Amino acid sequence: MPNFRLPDEVFEEAARRFPTPFHLYDEQGILDTAKKLNAAFSWAPHFQEYFAVKALPNPAVLKLYHQVHCGLDCSSECELLLAEMAGFSGEDIMFSANAMPPEELAHARRLNAIVNLDDLSDIDLLSANGGIPETVCVRYNPGGSFTLGNAIMGEPGESKYGWTKEQMREGLPRLKALGAKKFGLHAFLASSTMDNSYYPRLAGILFDLGAEMEKETGLQLAFINLSGGIGIPYRPEETETDILQVGEGVRQEYARVFGDPAKGRVGIKAELGRYMTGPHGWLVTHAVHEKKIYKDYIGVDACAANLMRPAMYGAYHHIHVCGKRNAPADHMYDVTGCLCENNDKFAIDRMLPEIQIGDLVVIHDTGAHGFSMGYQYNGRLRSAEVLYTKDGDFRLIRRAETPEDYFATLV
Ligand SMILES: *Cc1c(COP(=O)(O)O)cnc(C)c1O
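Residues numbered from 1 in each chain as written. Predicted model: local features only at pLDDT ≥ 70, side-chain atom pairs only at ≥ 80, totals over all residues. Heavy atoms only, no water.

**So, the nonpolar core**
Counting 84 residues, the largest nonpolar core has Phe-41, Tyr-65, Leu-175, Tyr-199 and Ile-268 as the members making the most contacts within it. Looking at this core element by element, the count peaks at eight residues for helix α9 (residues 198-217). In this structure, this core is formed jointly by two domains, domain 1 (41-272) and domain 2 (279-407), each of which donates at least three residues. Discounting chain neighbours no more than four positions away, the residues touching Tyr-65 are Ile-30, Ala-34, Phe-51, Cys-70, Phe-88, Met-276 and Thr-277. If you look at the next biggest cluster of nonpolar residues, it comprises 17 residues, including Ala-14, Phe-22, Leu-24 and Ala-384. (Core = buried A, V, L, I, M, F, W, Y, C linked by side-chain atoms within 4.5 Å. Buried < 20%, exposed > 50% of the residue type's maximum accessible area, 1.4 Å probe, protein only. Helix = DSSP H or I, 4+ residues; strand = E, 2+ residues; numbered from the N terminus. Domains from an automatic or database assignment. Contact = heavy atoms within 4.5 Å.)

**Focus: the packing of aromatic side chains**
Tallied over the entire structure, the rule returns 14 aromatic pairs. When the centroid spacing of 6.2 Å and the interplanar angle of 70 degrees are considered together, the rings of Phe-18 and Phe-22 count as edge-to-face. Residue classification places Phe-22 among the buried residues on the basis of a relative accessible area of 0%. For the ring pair Phe-41 and Tyr-199, a centre distance of 6.4 Å and an interplane angle of 70 degrees mean the geometry is edge-to-face. In this pair, Phe-41 is assigned in the loop between α2 (27-40) and β2 (48-52) and Tyr-199 in helix α9, connecting sequence segments 158 residues apart. The burial state of Phe-41 is the same as that of Tyr-199; both residues are buried. Through a chain of ring-to-ring contacts, three or more aromatic side chains come together here, namely Phe-41, Trp-43, Phe-47, Phe-146, Tyr-198, Tyr-199, Phe-207, Tyr-254 and Phe-258. (Phe/Tyr/Trp six-rings, centres within 6.5 Å; stacked < 30°, edge-to-face > 60°.)

**Some thoughts on the environment of Asp-119**
Assignment of secondary structure puts Asp-119 in the loop between β5 (114-117) and α7 (122-128). A relative accessible area of 30% means that Asp-119 is categorised as partly exposed. A polar contact of 2.6 Å, which involves the side chain of Asp-119, links it to the side chain of Ser-121. (Polar contact = N/O pair within 3.5 Å; in protein donor to acceptor, adjacent residues only side chain to side chain.)

Here's what the structure looks like:
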């Protein structure tokens with residue numbers, strides 16, 4: 001079930017204060033989810049979530065994560081700069097890049113961030129760009145298919161990320177010879193997963209591998225990083241991940257491999273993005289056009305440039321019409337944007353209440369991989385972002401782009 005925490009008065013008041021379209025984020029919801037995650041892993045030694053910056057890269061939101069003892073997961077120069085801007089440093093930053101640009105690696109080392117190496121060749125790159133730190137993280141790719149029960153959840157064998165186990169046998173001793181004392185293990189094997197057994201299963205794989213590699217190499221296993229991938233209920237018929245059950249499942253795996261967590265020294269880290277902020281964002285739009293040809297189309301004042309997931313993945317985003325939550329959903333619409341691209345549709349054949357021009361149309365679950373995936377195709381501009389604060393106020397945390405922004409890079 002998508003998040004219906006905010007009443008329509010909140011969207012209506014926001015739309016009186018700021019021109020649509022904009023993304024609205026719920027500060028209280030974001031903090032509550034972080035606290036729930038921390039509670040689910042309160043049994044774990046040194047648990048820390050590193051919020052994946054790419055999901056919602058606004059410093060006003062990133063700063064909230066200080067209050068709940070989270071760090072940030074970055075994977076580019078600008079994301080490192082955002083983390084600095086939001087006041088994060090040292091081991092509160094995780095840096096994971098693929099095809100690692102050397103100068104970004106050096107930047108991460110200057111900040112004393114934890115570096116997550118994606119390839120064997122990154123050892124030499126790190127050595128030459130800031131040096132090998134005492135603790136270094138390594139990304140694992142088990143290959144083949146990743147399954148839960150009978151379901152194939154991901155195809156690591158087709159994924160560009162991580163090291164093979166054989167490469168770990170070669171690389172970890174080299175890291176040790178170059179001065180590393182401890183290592184962490186990271187893997188991201190399934191995306192947007194609603195199955196409560198994903199994290200426990202992944203944890204079991206990484207705990208076993210970590211224990212084996214520790215024994216073989218003499219490097220100390222410092223932590224396991226379970227990365228991102230926990231999904232959210234985009235559809236009304238889906239139920240939220242039971243994060244307490246997920247935490248308990250990981251605890252059982254921990255106990256199986258390392259014994260009593262209370263005496264444990266292997267830390268647990270996570271890099272959730274979608275789960276943390278996804279349900280706490282909405283794209284607020286007005287219906288500006290209706291067109292009836294072979295189908296009935298409602299045009300809104302946002303487009304795929306503001307939320308790409310439906311166009312890119314055919315992703316479902318729930319939509320509701322303000323003031324009509326209890327009206328019968330007896331009209332079938334395609335809800336579209338204004339791009340010259342037929343995939344610019346927020347919904348296809350969606351049953352909704354009858355929509356009038358001027359209605360406030362709210363698109364749900366845009367708090368992760370929403371604004372951040374925006375682009376400027378067709379000369380369309382990125383929207384504003386507004387924070388609905390925990391005291392019930394509204395704060396503009398990013399203004400909408402103007403044509404001047406669009407032309408600013410021309411030479
Ligand atoms: C994208 C990403 C995440 C976050 O993924 P979600 O699906 O949003 O949880 C975490 N870690 C890494 C390395 C990523 O690339």
